[in-house]
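Understanding the architecture of this molecule
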Amino acid sequence: MAQALALVVDDEPDICELIEITLARMDIEAKTAFDVATAKDLLSQFHFDLCLTDMRLPDGNGIELVEHVQTNFPKLPIAVITAHGNMDSAIQALKAGAFDFVSKPVDLQLLRKLVDASLKVSTPSDMPDRRSRDTILGESEPVKKIRNTIVKLSRSQAPVFISGESGTGKELAAHAIHDKGPRAEAPFIAVNCGAIPQELMESEFFGHKKGSFTGATSDKKGLFQAADGGTLFLDEVADLPLHMQVKLLRAIQEKSIRPIGAAQEISVDTRIVSATHKDLNALVAKDEFRQDLYYRINVIELNIPSLRERNTDIPLLAEHFMGKISKTFDCEIPTLAKDAIQKLQEYPFPGNIRELENILERTMTLVDGDVIHAEDIQLNSREAIASNQTISSPEPSSSAKIDDPVDPNLSMEDHLEEMEKQMIMKALEETRWNKTAAAKKLGITFRVLRYRLSKLGLDKE
């Protein structure tokens, strides 16, 4: 394999020499330029595998060079070197198409990681063969556009903000960006920001040292360190409290974190992908989300369309989910009749793809035949949801009486679930765990019984 060739553009000889030495130790040859004109001339003469450029140059700036590379050498990854704390320039460069950025004074460890990642992008044979088509299902125009965008986003290290309604598949899109990029072999760490108690957030994100607070019995790595070299997916980022927004902003800008109780900061190489179903612009306007953080995480935005905007994909998605459900419950894959497909395509799906999967799962457990018709599909009205919380049975037989008392402090849903468990267990005990007989006694199909056993966690007993 031929030795990689890099172009280093900086008007400071000391910086050029430092980068040249670092690259030489990585077995990468470097050519240097002190201004934009010389850099453009060298680009026309040689085939480079990566380019590193300073932002301030005697006859122009790094943004101009980034735009030149994007126009004339779109497959060449170019990273910018920015002055310490000058994040606005870094964001501007990323929006123009820069692969990544590194701040002065240059952290050599981060520089080496950046170079490694950029070489993976510029050498297609080294990239993992993972098609986003395997996770982003559909052949509609909106989905084809998303897949094309994901390919482009995977070649950059810029922060990506994924917007879209709940249930549209934002985490799948984030995973696809990770899987097709140079970080694919490193960890993909997903976290729901709204699910972490506020008092534990700083420890969860940045880690802590032993003895730093009551209960810290050992050192703990945070999410940033767990995702080092890979991708950190911040789902429902709008739910972060303001004090954590400040700390997250600093971690993204400085590419470093300080665990609770630590004396020094730790460099982290983590790509940030974030998402929320909320309107961040509206939250910024109401001072509920920091504007500066919004600009940092929203360098590139990817909007995931709702299912009603791509309802021609419903048959393909339904086939996928029914195959998945069939494996879970070890049953044959039913066929969706034309009237069933039409009914699904006419439904607005406020819960999007997640709701489609839930509807199909419920339908498959309740239908007796191998063909699902429109009348078999119960859409998610409140009444439909409520009617499926418990086993539908004609008149409860004497064997199905509830003898055991139920905790009066339980919620209605938990109360119904507990009653259901008792009914099923009683029927199974009376039929000596003959599930077919138990289903008949309960007045339900064998498939429904198997589904409820799994849902209630009784299938392992």
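Located above this text is the structure these notes cover.
An account of the accompanying structure is given in this report. No experiment lies behind these values; they were computed from the predicted model shown. (Residues numbered from 1 in each chain as written. Predicted model: local features only at pLDDT ≥ 70, side-chain atom pairs only at ≥ 80, totals over all residues. Heavy atoms only, no water.)

So, the sheet that holds strand β10 (residues 231-235)
What counts is decided by this rule: Whether two strands pair depends on DSSP finding at least two bridges between them. Helix and strand definitions here come from DSSP, where helices need a minimum of 4 consecutive H or I residues and strands a minimum of 2 consecutive E residues; each element is numbered from the N-terminal end. Orientation is described by lines fitted to C-alpha atoms, with helices fitted over the stretch in contact, and by angles between N-to-C directions that extend from 0 to 180 degrees. For this analysis, residues touch if any pair of their heavy atoms sits within 4.5 Å.
Taken together, 5 strands build an open sheet; the order of strands is β9-β10-β13-β8-β14 and the sheet is parallel. Two strands close off the open sheet at either side, each with one partner strand: β9 (188-192) and β14 (300-303). Within this sheet the neighbouring strands show an average axis-to-axis angle of 20°, counted without direction. Pairing analysis gives 4 bridges linking strand β8 (residues 160-163) to β14, with the strands arranged parallel. Residue pairing in the sheet places S163 in a bridge with N303 of β14. The strands touched by helix α7 (residues 170-179) within the sheet are β8, β9, β10, β13 (271-276) and β14, with β8 carrying the most contacts at an inclination of about 150°.

Describing the pairing of β13
Formally: Buried, partly exposed and exposed residues are distinguished by accessible area as a fraction of the type maximum, computed with a 1.4 Å probe on protein chains only: under 20%, between the cut-offs, and over 50%, respectively.
The buried fraction of β13 is high, at 6 of 6 residues. Covered by surrounding structure in β13 are R271, V273 and A275 together with I272, S274 and T276, the residues of both alternating faces. Pairing between β8 and β13: 4 bridges, direction parallel. By the bridge assignment, V160 is partnered in β13 with V273. Pairing geometry for β10 and β13, over 5 bridges, is parallel.

Description of the sheet that holds strand β6 (residues 78-82)
Spatial strand order, β2-β1-β3-β6-β7: 5 strands in an open sheet with parallel pairing. Each edge of the open sheet is held by one strand with a lone partner, namely β2 (28-33) and β7 (100-103). Neighbour-to-neighbour, the strand axes of this sheet turn through a mean angle of 20°, independent of strand direction. Two elements, strand β3 (residues 50-54) and β6, share 4 bridges in a ladder whose sense is parallel. Opposite D54, over in β6, you have I81 as the bridge partner. Contacts from helix α4 (residues 87-96) reach β6 and β7 within the one sheet, and its direction differs from that of β7 by about 160°. The sheet contacts of helix α5 (residues 108-122) involve β1 (4-9), β2, β3, β6 and β7, and relative to β3 the element is tilted by about 140°.

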